[in-house]
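# A look at the structure
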There are 2 protein chains.
Amino acid sequence: MSNRQFDPNFTPYVVNSMGPKTPERARVILGSLIRHIHDFAREVELTSAEWMMGVEFINSIGAISTPIRNEGHRICDVIGLESLVDEIANKIVTEDGVSPTSNVILGPFWSPNAPFRALGDSIIQNENPDGRVTYMHGVLRDMETGAPIEGAVLDIWQASANGQYDFQDPNQTENNLRGKFRSNAQGEFNWYCYHPTPYSLPTDGPAGVLLNLMDRSPFRPAHIHLMITHPDYATVINQIYPSDDPHLAIDSVFAVKDDLVVDFKPKSGDPKASLDLEYNVSMALKKHHPNPNAAPPASSFERFNKAEKEKQSRSQL
Amino acid sequence: MSNRQFDPNFTPYVVNSMGPKTPERARVILGSLIRHIHDFAREVELTSAEWMMGVEFINSIGAISTPIRNEGHRICDVIGLESLVDEIANKIVTEDGVSPTSNVILGPFWSPNAPFRALGDSIIQNENPDGRVTYMHGVLRDMETGAPIEGAVLDIWQASANGQYDFQDPNQTENNLRGKFRSNAQGEFNWYCYHPTPYSLPTDGPAGVLLNLMDRSPFRPAHIHLMITHPDYATVINQIYPSDDPHLAIDSVFAVKDDLVVDFKPKSGDPKASLDLEYNVSMALKKHHPNPNAAPPASSFERFNKAEKEKQSRSQL
C-alpha cells in the first residue's frame, strides 16, 4: 500500500533478539506473530494515536474479564480466530476428498457434567412457555463405509427460549437443556429438545465496541450444540442452525458451515413435540484426523470457574 | 510452512463482514489486522491449546494495568511495536538522502510540567551519591544548510542514579532531573545532568513473562531523553546512550539507533562536573516531515493519571 521505505533490518532484529533458551515452538510462534504485527503496522502506516487506541483496547479486554467472563476469548470469536483455529485443528479431508460432518467452535458454554439420558428422553427440565419442543433424531455413520456407528456418545446443549444457558440463568436448574445419549446398534439417536433461539453476545465490553466499530450485529444464529465422541472416531464438535434463521449469513462468531444448516419440519401425532428434526452425522476414523491426540478445547473454563466460585460461596454459608 | 489447505474464502468473509457504517480508516486497519492474524494462525498451525494460552495472556495484560501502569504499552515496546510506529510516523529522508538526527520512542515518563531553566543551569534538584555529574552541551543546526537554530526548546528528562524517575520515587522532588532550555543565537545549549543509569522494565507482569519466554534481558541501556521543538522544524524526540553501556545491543524496547550513541569524556577544571558530553543535533524543516501536523505521542498518560490520582488523594485528606 505504501511506497515509503522502512528499515528492512528492524523486524529481523526484534525476532532474533530471542535467546537460546526460548523453546523451539515458542520461537516459531512468536517470530511469526511479531513479523505479522510489524507487517500490519507498516502496511497501514499505523499512527501513534491509532497505536495508542489499540493499546487501550487491549488493556480494556483484561480489565473487564473475570473468572466467569473471558472477553479475550470473545474478541477472538468476533475476529474469526477461534473458528479458524478450529479449522486448523480439526479439518479432515481424505486423499479421495472425503470429509466427515463439519466441526465448529465449542464456545464457552459446554459443561463436563451433563447427565446421561435414555434415547427418547427429553433434555427439557424447566419448561419455557416460548419453547417449541422438537423431536430430534438421526443416524451416525462411518463417512467412508456408511456403516452405522454404535455406542458413540452424543452430548447436546442449548440455550433456553430466553437465549440463556442454565448457568447464566438463575431460573434454570443445573443441566437444563443438556444431556448425553448413546447411539444404538443401528447408529440411531433421538431425544426431545427445543427449537433453538438466537441470542446476542454481551455488548457491554470491548467485544461490543469492536462489533459496533465494524458495523456488525452481535447476534448469533439460533443453534444446538453437539459433541460426538467414540473410541475409534475423530470427535465431532459442532452446532446446527435452522435454515430459516435471519442471522445465518452474519453469525457474530463465524461458526456457520453449509452442512450444519438444518430444516425443522412440523410434526403431527406426537403430543410431546410440534416440530421434527432429522439430522444425520458422518464420522471419520481417527487415523484421518491431522492430530488425533490433540487436547480437547479448553474453552469451558468459564463454566468450571463458575462452578468453583459457587462451591466456594456455598462453603462460606 | 504448511502444505495443508484451508478454506481460502474464510478470511475475506470475516473482513467483508464489516458494514457500511465502518469508518474507512477503521476498515483499512481492521481488515489488515484480521488478515495478518489469520495468516499467522495458518502459518504456524496454531493449536487450540496455544490459542487459549494467548487468550489468557491478553487477558492478563489488562488485568494488571491501572491508571498508572500501562502494561499494554509495555508489551508493545517489548515486541518493538512502539519503536516501529515511531519510525513510520517520523522517519525523514529527503530526495537527496538527507536525514535529521533520529527519533525514537517517547516512553511513558515524559512530563508536560518540566520547568524552564537558564542555559548553564543544572537539572539535578536532589543529589544522588552515585550520580556522576555531566556537563552536556552542543549545537542545533538545520540538516540541509548547517545554519544554527535559535529559540528551539530542548526538554530533557532522565532517571536518577537509582534507575527511577521523579514520579516513581518518593525521595525525589517533582521535576528532579527534568528541565526545558532554549537554544541561543548560535544554536547552542548547555546544562548539567547525570551520566544516565541502566534500568530494568518491571518484570512482575505479562511483559516479564514474555521477556522470560523470549530469553531476553528486561534491561534498557542507560539513556537521557530529549524532546526538541521549534515552530519551523520537525520535532525531534529521542534518547541518547553511552557508547560503553553493556545493554546497547539488547535494549528491551528496541530504541537504540547508531547516531544516538554518544561518548562521555572525563572533564577537568570544572568543580561542578566530572564528565563532559558534546552532543550536536540536526533538524529538518517541517516540510520534510511525512505528517507535520500529527498529534504528539499520547504515551504520557501514565504521568497525567498519577498526577490526577495524587490530586484526588490530597483532596481526600
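Rules of the game
- Residues numbered from 1 in each chain as written.
- Chains lettered and ligands numbered in written order.
- Predicted model: local features only at pLDDT ≥ 70, side-chain atom pairs only at ≥ 80, totals over all residues.
- Heavy atoms only, no water.
- UniProt positions renumbered as here; feature names shortened; annotations may be inferred.
- Helix = DSSP H or I, 4+ residues; strand = E, 2+ residues; numbered from the N terminus.
- Buried < 20%, exposed > 50% of the residue type's maximum accessible area, 1.4 Å probe, protein only.
- Pairing = 2+ DSSP bridges.
- Contact = heavy atoms within 4.5 Å.
- Buried area = accessible area lost by both parts, 1.4 Å probe.
- Salt bridge = Lys/Arg side-chain N within 4 Å of Asp/Glu carboxyl O.
- Domains from an automatic or database assignment.

What follows covers the UniProt feature "domain: Catechol dioxygenase N-terminal" (unreviewed entry) in chain A. Residues annotated in UniProt with the feature "domain: Catechol dioxygenase N-terminal" (unreviewed entry) correspond here to residues 24-92 of chain A. Helix makes up 81% of residues 24-92 of chain A and strand 0%, whereas the separation of the span's terminal C-alpha atoms amounts to 27 Å.

Quick look at the pairing of strand β7 (residues 224-230) of chain A now. Residues and elements named next belong to chain A. Buried residues dominate β7, accounting for 6 of its 7 residues. Pairing analysis gives 5 bridges linking strand β2 (residues 153-157) to β7, with the strands arranged antiparallel. Within β7, the residue paired with Trp157 across the bridge is His225. Pairing analysis gives 6 bridges linking β7 to strand β8 (residues 233-242), with the strands arranged antiparallel. Following the sheet pairing, Met227 is matched in β8 by Ile237. The loop that links β7 with its antiparallel partner β8 comprises 2 residues.

Listed as interface residues are 75 residues of chain A and, on the opposing side, 75 residues of chain B. Counting each side, the surface lost to burial between chain A and chain B is near 6700 Å², with a carbon and sulfur contribution of 68%. Three residues stand out in chain A for area buried against chain B, namely His36, Trp51 and Ile88 of chain A, and they jointly supply 10% of the buried area on that side. Applying the counting criterion to the chain A and chain B interface returns 2 salt bridges.

Here the focus is helix α5 (residues 81-90) of chain A. Along α5 of chain A, 9 of the 10 residues are buried, which leaves the element largely enclosed by surrounding structure. Every buried residue of α5 of chain A is listed here: Leu81, Glu82, Ser83, Leu84, Val85, Asp86, Glu87, Ile88 and Ala89 of chain A. Looking at the buried side of α5 of chain A, the elements it contacts are α4 (71-78) of chain A together with α1 (10-15), α2 (24-44) and α3 (48-64) of chain B.

As a further point, take the domain arrangement of chain A. You can read the domains of chain A as domain 1 (1-46) and domain 2 (71-292). Each of domain 1 of chain A and domain 2 of chain A has a C-alpha centre, and the two are 39 Å apart.

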